[in-house]
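Analysis of the macromolecular model
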Amino acid sequence: MAATEFLIRVLLRTIRYPQKVSDEMDEATRKRMQQRAELLSREMSRLLQELEQRSQEESGVSWGAPLFAALQQWPFWAIAGVLVLLFGLWWCLRKRRREPDSRSGEERSSIHREQVEEAEEEEEDSDDADFLGRFFEEHIQWPVQDLATECLVVKDLVGDLLRVFQVLLSNSFFPALQPAIGVGSAFEGWSPHEDDAVYRLLVPLQAPRGHAFHLELGTAGEMPARNSCIRVELVCTCTRERLAGEMLCFLHHPEEELRRNQDPSLLCTLCTGSYLDVRKTARWFHQLVKAAWLVLPHLSKYRLTLLPSSRSCKFQVTKDDNKSLVVEMVFGVQQGNSDIFLSSQATEDIFTPSTMWSESCAVAEVKFFSHMARKVPHDSFHLKCLQLCARVLVGTGFSTYTLKTVVMHLLTTIPVSGWRRRHFLLRLQDIMQYLRCCLEEKRLDHFFLGNERVPEKIVLPPAFQTAKPLNLFQRLAQDPPTQAEALREFVELRDRLTRLLIYGY
């Protein structure tokens, strides 16, 4: 680490504060720097070639091998790449001069001089690190999509649709729809899909009149519960009927009278047996979207394309300029007053029964990132770190959820002031080291279960707060070959990140 910081200082001071020399010396210096840059370029090419050859060796050992030892020094490679890439910048800036300190040694004590020099050095180091962070911000090819603006567009569009739904359903016994909550990476401020983000919103469902929802969580001890159900129960409305005369009680009126004078109950429309059916609910939402689109004139500027999805309502909106947005509405029922929902979102299982709902932390996650956005400095790079690492996950066995969990843990252990632009490389290194340690120890704890560092603003069910930490890497502990493969993929992951830092894409 000390060597890395020293190289950063040498690099940036050479570029930003070149010494005052004559024109002849400038040309000589330029030639020497040209030769050094070419030497570094050749050395980098050699190292990268060795990386490619070693990564193709099927029989290589992933830990303790020269490849891993070289990868441990990836910050040095990034700095070497910066030196080559910034050579032209050095030539443009070489005329900048450092102003000499006008104060003489006789005018201040040696103690005061040392304090001033230390303060100046700290300020220069801070400026150097910020300059390097700014360079990477401009050097790396980031997605051009404006997530914040498009999230607002999507929320307004879905809000308009839901208001039409509420009018259409005002006298029915379908679930009562609550305002949508933006969830997923796009609403957290980053996207693993680069310029092809999916804008996901969760629409909370409440039981309609004369009905009640009962949440039946999955297997005892399994958290978050994947195989949960929402049981629908009819409740007596006789008192309400006498007072307001607004509906007939489903329990105490003859079926013939109910069929003749009142819409069918939820049990007869979106349920299978006594349980709310995910697929029936998704088809119902698709029909609502098509109906609402026709009665909203301002949506005529968009072209609607419904996309196949059995557990959500997914559609593509195309603007006049042929730019498209993919929107996905999932449905959920809130657990008490917490930020945990039973959600229709698909799980990792190959086949999930239509009456099964999974316990989702998506609302808690978006609240966490919103909370951190208010605490971190204005130039925080925590989302760019997440975005950059997600880019190199493609084709590996690591999920974006694993990466997000690592970053959430680090955001609550590293001071928020340590996520500024100047700390970009250090935080990337922390993310990779944290993931490597988790792989070696075969343990990565779920962020919201039994974690005392979860911000108080996030409301969790009591069972989440008292639960033992859940190991997301349990499969690695049970299957040594899986762990070995994960460690090999981690080496490839670091290799990709190194290349991305050097080349910018």
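Note that the structure is predicted; figures quoted are calculated from it, not measured.

**Digging into the pattern of salt bridges**
- The full count for this structure, using the stated rule, is 15 salt bridges.
- Across the pair glutamate 256 and arginine 259 runs a salt bridge, and its minimum N-O distance is 2.8 Å. Of this pair, glutamate 256 and arginine 259 both sit in helix α10 (residues 255-261), three residues apart, which is roughly one turn of the helix.
- A cluster of three or more residues bridged by salt bridges with shared partners is formed by Glu188, Glu365 and Lys404.

**Focus on the state of the cysteines**
- Under the definition given, this model contains zero disulfides.
- With no disulfide of its own, cysteine 236 lies closest to cysteine 238 among cysteine sulfurs, the gap being 3.5 Å.
- On the basis of relative accessible area, cysteine 236 is assigned to the partly exposed category, the value being 44%.
- For the unlinked cysteine cysteine 389, the closest cysteine sulfur is that of cysteine 385, found at 6.5 Å.

**Some remarks on the packing of aromatic side chains**
- What the rule picks out here adds up to 11 aromatic pairs.
- Judged by centre distance (5.0 Å) and plane angle (70°), the rings of phenylalanine 381 and phenylalanine 424 are edge-to-face. Pair noted here: phenylalanine 381 is in the loop between α12 (362-375) and α13 (382-391) and phenylalanine 424 is in helix α15 (residues 424-441), with a separation of 43 residues, a long-range link.
- Exposure remark for phenylalanine 381: the relative accessible area of 3% places this residue in the buried category.
- Three or more aromatic residues link up through ring pairs in this structure, and these residues are Phe165, Phe174, Trp284, Phe285 and Phe331.
- When the ring centre of phenylalanine 381 is taken as reference, the NZ or CZ atom of lysine 384 above it lies at 6.0 Å.
- The ring of tryptophan 419 has arginine 427 sitting right over it, with the charged end atom 6.0 Å from the ring centre.

**Quick notes on the side chain of threonine 396**
- Take threonine 396: it is sitting in the loop between α13 and α14 (400-411).
- On the basis of relative accessible area, threonine 396 is assigned to the buried category, the value being 17%.
- At 2.7 Å, the side chain of threonine 396 and the backbone oxygen of leucine 393 are in polar contact.
- When near neighbours in sequence (up to four residues on either side) are disregarded, threonine 396 contacts Glu489, Leu493 and Arg496.

**Some words on the pairing of strand β9 (residues 313-318)**
- As defined by bridge partners, strand β8 (residues 303-307) adjoins β9 across five bridges and the pair is classed as antiparallel. Note that in β9 the partner of leucine 306 across the bridge is phenylalanine 315.
- The turn joining β8 and β9, which pair antiparallel and follow one another in sequence, is formed by five residues.
- Bridging between β9 and strand β10 (residues 324-334) involves six bridges; their strand directions are antiparallel. Looking at the pairing, threonine 318 lines up with serine 324 of β10.
- Linking two consecutive strands that pair antiparallel, namely β9 and β10, is a turn of five residues; a positive phi of about 70° is found at asparagine 322 within it.

**Regarding the environment of leucine 258**
- Summarising the element assignment, leucine 258 is placed in helix α10.
- The class for leucine 258 is buried, based on a relative accessible area of 9%.
- The sequence separation of leucine 258 and methionine 247 amounts to 11 residues, and the corresponding C-alpha distance is 9.6 Å.

**Quick word on the confidence of the model for the chain**
- Of the residues in the chain, 68% have a pLDDT of 70 or more, and the chain-wide mean is 78.
- Per-element confidence in the chain ranges from a low mean pLDDT of 42 for helix α3 (residues 66-71) to a high of 98 for strand β7 (residues 275-276).
- Under a pLDDT of 50 for its full length, residues 58-73 has, in the predicted model, 21 contacts with residues more than four places off or in other chains.

**Quick notes on the nonpolar core**
- Of all hydrophobic cores here, the largest spans 51 residues; its most connected members are Phe368, Ile431, Leu435, Leu439 and Phe448.
- Those elements that place two or more of their residues in this core are α12, α13, α14, α15 and α18 (480-503).
- Here this core takes eight residues from α15, the largest share from any one element.
- Phenylalanine 368 has contacts with Met408, Leu411, Thr412, Phe447, Pro455 and Ile458, leaving out every residue within four places of it along the chain.
- Judged by nonpolar contacts, the second largest core, of 48 residues, contains Cys151, Leu177, Leu205 and Phe315.

So, how was this worked out
Residues numbered from 1 in each chain as written. Predicted model: local features only at pLDDT ≥ 70, side-chain atom pairs only at ≥ 80, totals over all residues. Heavy atoms only, no water. Salt bridge = Lys/Arg side-chain N within 4 Å of Asp/Glu carboxyl O. Helix = DSSP H or I, 4+ residues; strand = E, 2+ residues; numbered from the N terminus. Disulfide = S-S within 2.5 Å. Buried < 20%, exposed > 50% of the residue type's maximum accessible area, 1.4 Å probe, protein only. Phe/Tyr/Trp six-rings, centres within 6.5 Å; stacked < 30°, edge-to-face > 60°. Lys NZ or Arg CZ within 6 Å of the ring centre and 35° of its normal. Polar contact = N/O pair within 3.5 Å; in protein donor to acceptor, adjacent residues only side chain to side chain. Contact = heavy atoms within 4.5 Å. Pairing = 2+ DSSP bridges. pLDDT = per-residue confidence, 0-100. Core = buried A, V, L, I, M, F, W, Y, C linked by side-chain atoms within 4.5 Å.

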